[in-house]
Structure formats: C-alpha cells, structure tokens
Amino acid sequence: MKKIIAITILAIAMLLCMTACHTHEFGEWYVTKNATCTQDGVKTRYCDCGERQNDAIPATSHKYVNGVCNTCGNVSNLPESDSNSLGGNNASNSNGDNASNNIFENDGTEGLDFYPLADGTYGVKVGKAQFLEEIVIPAEYNGKMVTAVLENAFEGCPDLKTIKLSSNVQSIGDSAFKGCTSLISIEFPDSVATIGNQAFSGCTSLKKVSFSVNSKLSTLGHSAFYFCDSLETVTFAAKSPLKCIDDSTFYECSSISTITLPSGLKSIGDYAFYCCEELMHINIPSSVEVIDFGAFYLCKSLKTVIFDDNSKLNTIGSYAFHGCIALEKITIPQNVTSINFEAFSCCYVLEQISFVGTTKQWNAVAKDYSWNRNVPATEVVCSDGTVPLK
C-alpha cells in the first residue's frame with residue numbers, strides 16, 4: 001500500500017514539474033472578433049497544450065465620405081471638408097496606395113485570404129477568420145471583383161453562424177462550407193450560378209435555403225446539402241435555369257417539409273431526397289423527364305405527388321418511391337415508358353393508381369415485375385378503362 005502511495009505521489013510530482021517547465025509555443029493569430037469603427041476587436045492564438053492568448057485589434061475609426069462613414073453608415077456632424085479628411089475613397093494607406101483599391105477592408109471580414117483567378121478576378125478562403133460567427137464576403141479585393149468562394153474555403157469552421165455573399169459571387173466551390181455545424185442562414189445573391197459538390201454537406205443547423213426570383217443558379221452539385229437534418233424549407237426560383245437536382249443533393253434532410261422545384265427542371269437524381277421524412281407534398285414540374293434511383297426513397301410522410309399537366313416524364317427509376325408509407329394515390333403521366341425495379345414497392349397504403357393514357361399505352365409501358373411489390377392497389381385506372389394488377 002505504501003508503495004502504491006509513493007508511486008502516485010511521484011507521478012503527481014512529475015506532472016507538476018512538467019507543467020511548470022512547459023514553455024508555451026503559440027501559433028499564428030486568428031481573428032475571433034472583428035474590430036468596428038468604435039470598438040476594438042480580438043485576435044487569439046493557441047499553444048498545443050490548449051493555452052490561448054488574446055490581444056486587441058484597434059478600432060478602425062470612421063471613414064467618412066461626404067459626411068457618411070462608408071463602413072458603418074454613421075453620419076458626421078463635422079463640416080463636409082473636415083469629415084472627408086478623416087478617411088474615404090481619396091484617403092491613402094501607409095503604403096501610399098489609394099484606399100479604393102482595398103474596398104474589402106470596408107465591407108468585408110478581416111483576415112480572409114484571397115487568390116487570383118485566371119479570369120482576373122479573385123477567389124476567397126477563410127484565412128485567419130476561422131473562428132468568427134459571421135463572415136461577410138466583400139464585393140472586391142485590390143480593385144478586382146471577388147467572384148468565387150473556393151473549394152474547402154470555410155470547411156469545418158465550428159462557430160460560423162451566418163455568411164453574407166456579395167452580388168459579385170458567381171460560384172461556391174466543392175465542400176466550401178462542409179461541416180459548418182453552427183451555420184444557420186445564408187443569403188444567395190442572384191449572381192450565384194454554381195454550387196459545388198458537398199458545398200453545405202453536414203451543415204446540421206441550417207434551416208432554410210431559398211433562391212430569389214432572378215436567381216441564375218444553373219448547377220447544383222451532388223450531395224450539396226447532404227445531411228442538413230435541420231433544413232425545413234427549400235425554395236428555388238420558378239424560372240431558375242437549374243436543370244438537375246443531382247445525386248444525394250438533399251440526402252437525409254429529415255426535417256424538410258416544403259420544397260418548390262424550378263419549372264425548367266429535367267431530372268431528379270439518385271437518392272436526391274432520400275429519407276426526407278417530413279416531406280409531405282411534392283409537385284413535379286412538367287419539364288422533368290427522369291426520376292432516378294431512390295429519388296424519394298423512404299420519404300415516410302410523403303402523401304401527395306402531383307405531376308404537372310403535360311408532363312414529359314418518361315422514366316421512373318428503381319426504388320424511386322420505395323417505402324413512401326403515407327402515399328395513398330398516384331397519377332402516372334402519359335409519357336412514361338418505363339417503371340423500374342421496386343419503383344413503388346412497400347407503399348403500404350397506395351390504393352389508387354391512375355394512368356393519364358389509354359389501357360393500350362399502359363400495357364406498352366416497360367414495367368419491372370416488382371415495381372408495385374407490397375402495394376394494395378389492385379388495378380390501374382386509365383383514360384378508357386382499367387387494367388388489373390398482379
């Protein structure tokens with residue numbers, strides 16, 4: 001017993017000695033709170049042992065142009081000539097450069113990194129701003145437009161809650177915000193045409209995604225909102241140029257209850273809405289030609305699927321509506337030519353199946369033998385009669 005006590009005391013003594021002898025080696029400074037015109041910000045650096053060191057970032061002071069601060073909007077009580085002398089587009093920095101070439105310092109987040117692109121514009125990454133709660137992407141850097149949020153730009157930023165993009169941003173790269181688990185909201189300007197693969201994958205606090213009426217979004221990468229399990233509402237612009245909801249785009253977004261698809265959409269990819277358990281209604285635009293493998297697999301609350309008039313749908317993929325256990329009826333468009341393996345299998349309350357075309361057209365549809373496995377409906381109602389189901 002005495003030996004055990006002695007060993008324990010020795011171990012504690014060694015630990016205390018190691019702690020006392022440790023010399024902190026701090027890494028780079030990171031901006032943890034932006035300075036404003038009137039309040040100091042904070043920068044932080046860390047030692048490998050977990051110790052951190054904070055320092056102040058001096059307040060930036062007002063930069064008046066014609067009596068109005070172009071950073072915060074404060075109105076000066078000084079005469080116009082005096083207020084202009086305090087800063088503005090004609091002020092020079094310590095390097096003698098005109099301040100208008102550094103617009104990002106006025107309307108963007110401090111600490112971001114910028115990278116020149118082939119077209120003469122800039123892309124942006126998080127740089128030293130990785131612990132901030134709000135990020136503002138500026139319109140310009142060094143007099144050139146900032147048009148891209150680059151691949152992996154803000155991936156895994158743990159505290160990021162809101163992101164504001166300028167109207168110059170045209171693309172959001174692959175995994176740009178992947179794993180930003182605190183991200184609650186993002187405003188997509190009309191200029192955004194491309195959202196890359198897994199761009200917002202694992203953003204588990206994101207609640208709403210919407211694109212305004214003039215949105216230029218044409219490319220939405222696979223798994224773009226994969227496992228955003230707090231996402232409730234998705235709204236695309238009705239006349240959006242987007243043609244495809246790619247594979248796994250909203251995979252396991254289990255809280256989605258409302259989604260509005262663009263009118264020109266042509267395809268819904270594999271597992272696009274897999275396990276969106278709260279989704280109750282979906283309108284499929286007439287332009288959609290293909291619903292792919294498992295697109296609405298295990299959408300357990302999906303009760304109503306409406307295909308718009310004059311639907312161009314020709315293919316319903318394998319497992320497309322498998323396990324939609326609340327689906328009570330479906331009207332299959334006339335242009336459908338193939339219904340694949342287990343497309344409606346295990347839809348346990350699907351008692352009414354209609355087909356817009358004739359019995360002859362229905363019989364000509366290529367149907368896998370298992371397309372309606374475990375479905376209670378006993379017939380298909382066509383425009384000129386019924387066809388019994390096996």
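Residues numbered from 1 in each chain as written. Predicted model: local features only at pLDDT ≥ 70, side-chain atom pairs only at ≥ 80, totals over all residues. Heavy atoms only, no water.

S.K.: Teacher, can you tell me more about the overall build of the chain here?
M.R.: In terms of helices and strands, the chain carries 4 helices and 30 strands. Put simply, of all contacts in the chain between residues at least 6 apart along the chain, 47% involve residues at least 24 apart. Split by element, the accessible area of the chain, about 19500 Å² in all, is 50% carbon and sulfur. (Helix = DSSP H or I, 4+ residues; strand = E, 2+ residues; numbered from the N terminus. Contact = heavy atoms within 4.5 Å. Areas by Shrake-Rupley, 256 points an atom, 1.4 Å probe, with all protein chains shown as cover.)

S.K.: What am I meant to see in the nonpolar core here?
M.R.: As a rule of thumb, nonpolar side chains are buried together in soluble globular proteins. Counting residues in hydrophobic clusters, the biggest one holds 90 residues, and the most contacted among them are Phe177, Phe225, Phe250 and Phe296. Looking at this core, the elements that each hand over two or more residues are strand S7 (122-125), strand S10 (144-149), strand S21 (281-284), strand S23 (304-307), strand S25 (329-332), strand S27 (352-355) and strand S29 (379-382). Contact partners of Phe177, with chain neighbours within four places excluded, come to Val149, Phe154, Glu155, Leu160, Ile163, Ile172, Ile186, Ala199, Phe200, Ser201 and Cys203. Listed in part, the 5 residues of the second largest apolar core include Tyr251, Cys275, Tyr297 and Tyr319. (Core = buried A, V, L, I, M, F, W, Y, C linked by side-chain atoms within 4.5 Å. Buried < 20%, exposed > 50% of the residue type's maximum accessible area, 1.4 Å probe, protein only.)

S.K.: I tried to follow the pairing of S7 on my own but got confused; where do I start?
M.R.: When a strand is regular, its side chains alternate between the sheet's two faces. Pairing between strand S6 (residues 113-116) and S7: 4 bridges, direction antiparallel. What sits directly across from Tyr115, in S7, is Gly123. Between S6 and S7, which follow one another and run antiparallel, lie 5 residues, and Gly120 among them has a positive phi close to 90°. Taken together, the 3 bridges between S7 and S10 define a ladder with parallel strand orientation. By the bridge assignment for S10, Tyr122 is matched with Val146. (Pairing = 2+ DSSP bridges.)

S.K.: Explain the side chain of Ser338 here, please?
M.R.: Assignment of secondary structure puts Ser338 in strand S26 (residues 338-339). Assessed through its relative accessible area of 14%, Ser338 is described here as buried. If near-sequence neighbours (up to four positions away) are discounted, Ser338 is found in contact with Asn314, Thr315, Ile316, Val365 and Ala366.

S.K.: Can you walk me through the environment of Thr235 in this structure?
M.R.: Its location among the elements puts Thr235 in strand S17 (residues 233-235). Under the relative-accessibility criterion, Thr235 is labelled partly exposed at 27%. Considered as a pair, Thr235 and Ile259 are 24 residues apart in the sequence and their alpha carbons are 5.7 Å apart. Ignoring any residue separated from it by four or fewer positions in sequence, one finds Thr235 in contact with Val209, Ser210, Phe211 and Thr260.

S.K.: Even after reading the chapter, I still don't get the pattern of salt bridges, so can you show me in this structure?
M.R.: Pairing between side chains of opposite charge can happen when the charged atoms of each approach one another. Under the definition given, this model contains 3 salt bridges. For Glu134, the salt bridge is made with Lys164, and the minimal N-O distance between the two is 4.0 Å. Of the two residues, Glu134 is situated in strand S8 (residues 134-136) and Lys164 in strand S11 (residues 162-164); the sequence distance between them amounts to 30 residues. Owing to a relative accessible area of 38%, Glu134 belongs among the partly exposed residues under this scheme. Residue Glu289 pairs with Lys266 through a salt bridge whose shortest N-O separation is 3.8 Å. (Salt bridge = Lys/Arg side-chain N within 4 Å of Asp/Glu carboxyl O.)

S.K.: Would you explain the packing of aromatic side chains in this entry?
M.R.: The description of an aromatic ring pair rests on the distance of the ring centres and on the angle between the ring planes. Scanning all chains against the criterion turns up 27 aromatic pairs. Ring centres of Phe200 and Phe225 lie 5.2 Å apart, and the angle between their planes is 5°; on these two criteria the pair is classed as stacked. Highlighted residues: Phe200 in the loop between strand S14 (194-195) and strand S15 (208-210) and Phe225 in the loop between strand S16 (219-220) and S17, separated in sequence by 25 residues. Using a relative accessible area of 1% as the deciding quantity, one classes Phe225 as buried. Between Tyr251 and Tyr274, the ring centres sit 4.4 Å apart and the planes meet at 15°, which makes this aromatic pair stacked. (Phe/Tyr/Trp six-rings, centres within 6.5 Å; stacked < 30°, edge-to-face > 60°.)

S.K.: Would you mind going over the state of the cysteines with me for this structure?
M.R.: A disulfide bridge is the covalent bond that connects two cysteines by way of their sulfur atoms. The final tally for this structure, using the stated rule, is 0 disulfides. The thiol of Cys253 is not disulfide-bonded; the next cysteine sulfur, from Cys228, is found 5.1 Å away. With relative accessibility at 0%, the residue Cys253 sits in the buried group. In this structure Cys346 is a free cysteine whose sulfur lies 7.7 Å from that of Cys347, the closest cysteine sulfur available. (Disulfide = S-S within 2.5 Å.)

S.K.: I'm lost on the sheet that holds S15 in this one. Help?
M.R.: Note on sheets: strands pair through backbone hydrogen bonds, and any given pair is parallel or antiparallel. The 3 strands are arranged S15-S17-S19 in an open sheet whose pairing can be described as parallel. The open sheet is flanked by S15 and strand S19 (258-260), the only strands paired with a single partner. Taken pair by pair, the neighbouring strands of this sheet meet at an average axis angle of 5°, ignoring direction. Relative to S19, S17 runs parallel, the two sharing 3 bridges. Bridged to Val234 within S19 is Ile259. (Axes fitted to C-alpha atoms, helices over the stretch in contact; angles between N-to-C directions.)

S.K.: How should I be thinking about the sheet that holds strand S13 (residues 185-187) in this particular structure?
M.R.: Strand order in the open sheet formed by 3 strands is S8-S11-S13, with parallel pairing between adjacent strands. Of all strands in the sheet, those bounded by a partner on one side alone are S8 and S13. Shown here is a sheet whose adjacent strand axes are inclined to one another by a mean of 5°, direction ignored. Bridging between S11 and S13 involves 3 bridges; their strand directions are parallel. Bridging from a neighbouring strand, Ile163 pairs with Ile186 of S13.

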